[in-house]
Amino acid sequence: MHKKKEGENWSPAIPVPDFKTSALGMGAFLGISCNLRYQLLGGADRWMTERLTSLASSVTATALGRVVNNQIGEPTRLFALGLPMHATLAQTAGAAAIPQLTKKKVVKRRRKVVKKRV
């Protein structure tokens, strides 16, 4: 679609891996990395709810674990798919190049009403 829109000289901002690399990489990522991290999070969540004294501390620790899980998972996914580690940065930088719509500033003028004396 972009090639039609941008012309024949268009090329993607990041190299696109072939189908085989994408399929095998995503399968390995989901089967090994995601499943392992999911099981570890589930076990840690269960352990924390049983051992910690308050629910607030358990929920906070679980939330921190999930944030760390996300920070580990995204670079792992990019590596498994054969994409450069800065691929998500390239997407956000490309989004910045899209022109933003601006609202036209409308100035309301008030007429002065002159009262006539009778």
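This text gives an overview of the structure that appears in the document.

Calculation rules
- Residues numbered from 1 in each chain as written.
- Predicted model: local features only at pLDDT ≥ 70, side-chain atom pairs only at ≥ 80, totals over all residues.
- Heavy atoms only, no water.
- Axes fitted to C-alpha atoms, helices over the stretch in contact; angles between N-to-C directions.
- Helix = DSSP H or I, 4+ residues; strand = E, 2+ residues; numbered from the N terminus.
- Parallel < 35°, antiparallel > 145°, perpendicular 65-115°, else oblique.
- Left-handed = near helix turned anticlockwise from the far one by under 90°.
- Contact = heavy atoms within 4.5 Å.
- Nonpolar A, V, L, I, M, F, W, Y, C, P; charged D, E, K, R; others polar.
- Buried < 20%, exposed > 50% of the residue type's maximum accessible area, 1.4 Å probe, protein only.

**Brief notes about the packing of helix 2 (residues 19-51) against helix 3 (residues 55-81)**
Between helix 2 and helix 3, whose axes approach to 10 Å, the crossing angle comes to 170°. Our classification of the angle between helix 2 and helix 3 gives roughly antiparallel. Pair helix 2 / helix 3 crosses with right-handed handedness. From helix 2, Thr21, Ser22, Gly25, Met26, Phe29, Ser33, Arg37, Leu41, Asp45, Met48 and Thr49 reach across to helix 3, where they touch Ser58, Ala61, Thr62, Gly65, Arg66, Asn69, Ile72, Gly73, Thr76, Arg77, Ala80 and Leu81. Across the contact of helix 2 with helix 3, the residue classes tally to eight nonpolar, 11 polar and four charged.

**Considering the side chain of Ser58**
Locating Ser58 in the fold gives a position in helix 3. With a relative accessible area of 3%, Ser58 lands in the buried category. Those residues within four positions of Ser58 in sequence are excluded, and the remaining contacts are Met48, Thr49 and Leu52.

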